[in-house]
Structure formats: structure tokens, C-alpha cells
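Per-entry structural report
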Amino acid sequence: MTAPYALFRAGFPYAKTIGTKRLTNRPKDLALGKNGRMYLLTWEPIQIMSMDEEDLGAIGIRARGDDPIDDPSDVEDGALIWAHTIIVDQAENLYVSDEIVHRISIFSKDGAFLGKWGEHGDGDGQLDRPSGIAFDADENIYVVDSMNHRVQKFTKEGVFLMNWGCFGDGDGELNMPWGIAVDADGDVYVSDWRNDRIQRFTADGEFVFKFGTSGTGPGELNRPMGVAVDKDFDVYVVDTHKTGTIATADDVGGRVQLFSREGRYVQSFFGDSTVSKSAQSLMWTSLR
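The present account deals with the structure reproduced in this document.

What counts, and at which threshold
Residues numbered from 1 in each chain as written. Predicted model: local features only at pLDDT ≥ 70, side-chain atom pairs only at ≥ 80, totals over all residues. Heavy atoms only, no water. Helix = DSSP H or I, 4+ residues; strand = E, 2+ residues; numbered from the N terminus. Buried < 20%, exposed > 50% of the residue type's maximum accessible area, 1.4 Å probe, protein only. Contact = heavy atoms within 4.5 Å. Areas by Shrake-Rupley, 256 points an atom, 1.4 Å probe, with all protein chains shown as cover. Patch = residues over 30% accessible without salt bridge, like charges linked within 9 Å, V, L, I, M, F, W, Y side chains within 5 Å. Salt bridge = Lys/Arg side-chain N within 4 Å of Asp/Glu carboxyl O. Lys, Arg positive; Asp, Glu negative; His and termini not counted. Charge placed at Lys NZ, Arg CZ, Asp CG, Glu CD. Core = buried A, V, L, I, M, F, W, Y, C linked by side-chain atoms within 4.5 Å. Polar contact = N/O pair within 3.5 Å; in protein donor to acceptor, adjacent residues only side chain to side chain. Pairing = 2+ DSSP bridges. Axes fitted to C-alpha atoms, helices over the stretch in contact; angles between N-to-C directions. Phe/Tyr/Trp six-rings, centres within 6.5 Å; stacked < 30°, edge-to-face > 60°. Lys NZ or Arg CZ within 6 Å of the ring centre and 35° of its normal.

1. Re the overall build of the protein
- Tallying secondary structure elements over the protein gives 1 helix and 22 strands in all.
- Residue burial in the protein is summarised as follows: out of 288 residues, 49% are buried.
- Restricting to contacts in the protein with at least 6 residues of sequence separation, those with at least 24 account for 44%.
- For the protein, the exposed area adds up to about 14,400 Å²; of that, 51% sits on carbon and sulfur atoms.

2. What about a negative patch on the surface?
- Taken together, the side chains of Glu44, Asp52, Glu54 and Asp55 present a region of like negative charge at the surface.
- Locating Asp55 in the fold gives a position in strand β4 (residues 55-59).

3. Examining the nonpolar core
- Counting residues in each nonpolar core, the largest one holds 13 residues, and the members touching the most others are Tyr39, Ile46, Ile86, Leu94, Val96 and Phe107.
- Ranked by residue count, the leading element in this core is strand β7 (residues 83-88), at 3 residues.
- In this structure Val96 touches Leu41, Ile46, Leu80, Ala83, Thr85, Ile86, Arg103, Ile104, Ser105, Phe107 and Ile133, once residues within four positions along its chain are discounted.

4. Considering the side chain of Arg197
- Mapped onto the fold, Arg197 is located in strand β17 (residues 197-201).
- For Arg197, a relative accessible area of 6% corresponds to the buried category.
- A polar side-chain atom of Arg197 sits 3.0 Å from the main-chain carbonyl oxygen of Asp169.
- A distance of 2.8 Å separates a polar atom in the side chain of Arg197 from a polar atom in the side chain of Asp192.
- Those residues in contact with Arg197, other than ones at most four positions away along the chain, are Gly168, Asp169, Gly170, Glu173, Val190, Ser191, Asp192, Lys210, Phe211, Gly212, Leu221 and Pro224.

5. With respect to the sheet that holds strand β9 (residues 103-107)
- In spatial order, the strands read β7-β8-β9-β10; together these 4 strands make up an open sheet with antiparallel pairing. The open sheet terminates on both sides in strands that have one partner only, identified here as β7 and β10 (113-117). Taking each pair of neighbouring strands and ignoring which way they run, the sheet shows an average axis angle of 20°.
- As paired strands, β7 and strand β8 (residues 94-98) are joined by 5 bridges and run antiparallel to one another. Looking at β8, one finds that Val88 is bridged to Leu94.

6. Notes on the packing of aromatic side chains
- According to the stated counting rule, one finds 11 aromatic pairs in the structure shown.
- For the ring pair Trp117 and Phe154, a centre distance of 4.8 Å and an interplane angle of 40° mean the geometry is tilted. You can see Trp117 sitting in strand β10 and its partner Phe154 sitting in strand β13 (residues 150-154), a full 37 residues away along the chain. The burial state of Trp117 is the same as that of Phe154; both residues are buried.
- On the numbers, 6.1 Å between centres and 70° between planes, the contact of Phe154 with Phe160 is edge-to-face.
- Residue Phe154 is classed as buried on the basis of its relative accessible area of 1%.
- Residue Phe160 is classed as partly exposed on the basis of its relative accessible area, which comes to 29%.
- The rings of Tyr142, Trp164, Phe201 and Phe207 are connected pair by pair, giving a single aromatic cluster.
- Sitting over the face of the ring of Trp193, Arg223 holds its NZ or CZ atom 5.2 Å from the ring centroid.

This is the structure:
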């Protein structure tokens, strides 16, 4: 599929800030549902909001436990400990990866617990710290199996289909991969966290292309996390952008970088913000 040249689409304006403390504490990820509903992975752990910041309730149980969990099967159904990524299927059911219990949990849009799958290990279909998850066009799920340094593919019911990848820094090799996305042609993009790069694969796991070098300059990557691909095949990469060897408030400032499908750097987004609608409401309440 051919898309317009990415540079013609540069210069996206800042729109608005959504969320505030007490409503969207510690946001990790979000997924968009129908009719403007947003599902945010937070401390609640799943907060539902409208685009206008209407509070639509919360889903899931916030569980506390040791790291690692000796027996993940002891964690109750619907409980999330280190939830990492949330995605939504066509029926608006929610799928959430959890690093600590090494599984995928499934909820309805109304909060009912529908099921779970995954077990700890390094065999086919087993998981060790699952992070990014993404649907393909047939609603099979790609799972980034971070500590096994690979990607696995399942049906959304959890039936193992295939996997690829191994530890290393060569083409097609991975070192603690993190985020994942699937484009309209079915190609799979993986943020290769410790290798500071993005790799692209076919749907069957064949290496296609890579881009990114270590650094904090434009187009360079420093521990890339989330990755997304839009309908024009532009690639958005969440980069920690850490400029020092020790994380402090002065040397860490996350950014999102935009690249063309071929890995050409286009622009960066540095988190401009305003006071959100919910934050204004909180401030007014506190002043009364």
C-alpha cells in the first residue's frame, strides 16, 4: 500500500491535556473504544473516560504482591499487578498484559472478567514478563515476550500459533523488547528496548527492516518503549529521552518521535500541555 510522503503530514498541533491526579494516577497505556470511550491503564487499574473527561468508572482489581509472584495462579481472577498494555477488540472487550503474573486478562467494556491465559516459562506459548500486545486484522494477538527476547502469536482465546526472535543485537534478534504494533499490511513493528531501535517483521516473523541508533538527538533512540503505526504508515515511537547516566528530574523528559515507514526521522513531540478540564475542576473544588 502506498502512502503520501510523511514530511507533508508533519507539524501536528498540540490539542489538549486529558486527566489529572486522583482520576488518572500513573497512566501507563490507553486504548480507544467506541463512541469516544477511552480505557486507561492507571492505578485504579483501568479508568474509563470520555474524550471530554467524563468519569465513566473503573474496571479490574488492583492487587498487591511480591515481585516475583511465587505462584501466579494464586492471584485472583480480574486482579492486575503490573499491568502493561491494554488493547480493544471489535466487540470492545479489553485485553491486558500483566508482567508479574505472566498472563493476559480479558474484561468486557462493562467490567466483567471474561477470562485469562498464559503461564510462566520459556517454552512455546509460555511467557516471561509479557509487555506489548497488538491485534492483527484477524484479531490474533502478538505478544512481546520481553524476558524471553521474542514475539509470540496467539489466537485471542490464547491458543499458541507461532513465535520468533532470540537474544542478541543482530537483524531479527531482540534484547528485552517492549512495545509492538501492526500496520495495515500486516507487518509487525517491535521496539527493541535495550538495542535502541525499531525492527519491522512480516506477519510470519521474517526480518524486514530496522532503524534507530543509540542517542538523544533527533531520530536517535534511548530505550524506546511504545510504538504505533497510523493509517499512513507513519511510525510513532515513545522514547524515554534520558540524557544522563542517573535518572533525575533534570535529565529525563520523555518524547514521542515520528518516523516514516522507511525509518526517516520527521519530527518530535515533547509533551506540551495545558491544565486539563478535570484538573481545573479539582482546583476549583479545593479552593472552595
